[in-house]
Amino acid sequence: MSASTPTRHRFNERLLASLSLSPAELASLRTLARAEGAAFGRTLVARGLLPQEALRKAYESECGIPPFRSPGKEEPPAHADILPLPFLRARLLFPVALSNGTLTVAMADPLDAEAREAVSKITGKRVEVQAATEEEIRGLIEGMQSEASSSMDRLVEQVGDVGNQVFQAVHG
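Cut-off values and rules
Residues numbered from 1 in each chain as written. Predicted model: local features only at pLDDT ≥ 70, side-chain atom pairs only at ≥ 80, totals over all residues. Heavy atoms only, no water. Helix = DSSP H or I, 4+ residues; strand = E, 2+ residues; numbered from the N terminus. Buried < 20%, exposed > 50% of the residue type's maximum accessible area, 1.4 Å probe, protein only. Contact = heavy atoms within 4.5 Å. Areas by Shrake-Rupley, 256 points an atom, 1.4 Å probe, with all protein chains shown as cover. Expected span 1.5 Å × (residues − 1). Arc of directions from axis to C-beta. Pairing = 2+ DSSP bridges. Right-handed = clockwise from strand over helix to strand, strands pointing away. Phe/Tyr/Trp six-rings, centres within 6.5 Å; stacked < 30°, edge-to-face > 60°.

Draft legend 1. Up close: the overall build of the protein. Per the secondary structure count, the protein includes seven helices and three strands. Residues counted as buried form 34% of the 172 residues belonging to the protein. A separation of at least 24 residues holds for 58% of the contacts in the protein among residues at least 6 apart in sequence. Summing over all exposed atoms, the protein offers an accessible surface of approximately 10,200 Å²; the carbon and sulfur share of this is 52%.

So, in structure tokens, the structure goes:
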């Protein structure tokens, strides 16, 4: 993050300024922003006041955080298993690249300094972030789970085949 990255409070204020709402609605949302802090952007999305893509673009334009670009289905993100699945779900982040000791992580909340520090401590890597939507992160995590489930199914099938062969050999 650069020195020009706004504080959470300033970022939330900029989000509010981008909305076309009455002064009373803005005042109510300002109170909510102070109470919710980091979750405020997600709250605006959940209330239908801000599309997920607009939140991601705000991270890019207001904070200079590059957007996540999905590698596509044919090329799953590298090093997905470098972090525990429950951690990925809880922090809404996903590792997408590892190069020269730097782990690039797509995050639904790229201003989450605690999550970035935790990733660095867990992996021992320098961390760079990209802004992703919550939907993209959940999709990446589900894809990782599906892939793991498919691998487990194949393993069970192979073990079953070997078991049948052994049974046939013994009981012929």
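There is more to say, and it comes next.
Draft legend 2. Region of interest: helix α2 (residues 23-36). In this model α2 runs 20 Å from its N-terminal to its C-terminal C-alpha over 14 residues, within 8% of the 20 Å that 1.5 Å per residue would give. Of all the residues in α2, the buried ones are Leu26, Leu29, Leu32 and Ala33. Angular distribution of buried residues about the axis of α2 spans 120°; they occupy a single face of the element. Looking at α2, the residues exposed on the side facing more than 90 degrees away from the buried face are Pro23, Ala24, Arg34 and Ala35. Looking at the packing, one finds that the buried side of α2 touches α1 (8-17) and α3 (40-46). Backbone geometry just downstream of α2 places Gly37 in the positive-phi region, at approximately 55°.

Draft legend 3. Spatial organisation of the pairing of strand β3 (residues 126-131). For strand β2 (residues 102-107) and β3, the ladder comprises six bridges, and the chain directions are parallel. Bridging from a neighbouring strand, Ala106 pairs with Gln130 of β3. Note that the unit made of β2, helix α6 (residues 113-123) and β3 has a crossover that is right-handed.

Draft legend 4. Structural context of the environment of Cys63. Assignment of secondary structure puts Cys63 in helix α4 (residues 52-63). By relative accessible area, Cys63 is classed as buried at 5%.

Draft legend 5. How the structure looks around the packing of aromatic side chains. If you walk through the whole model with that rule in mind, you get one aromatic pair. Taken together, a centroid distance of 4.7 Å and an interplanar angle of 10° make the contact between Phe11 and Tyr59 stacked. Highlighted residues: Phe11 in helix α1 and Tyr59 in helix α4, separated in sequence by 48 residues. Residue class for Phe11 comes out buried when judged on its relative accessible area of 2%. Under the relative-accessibility criterion, Tyr59 is labelled buried at 2%.

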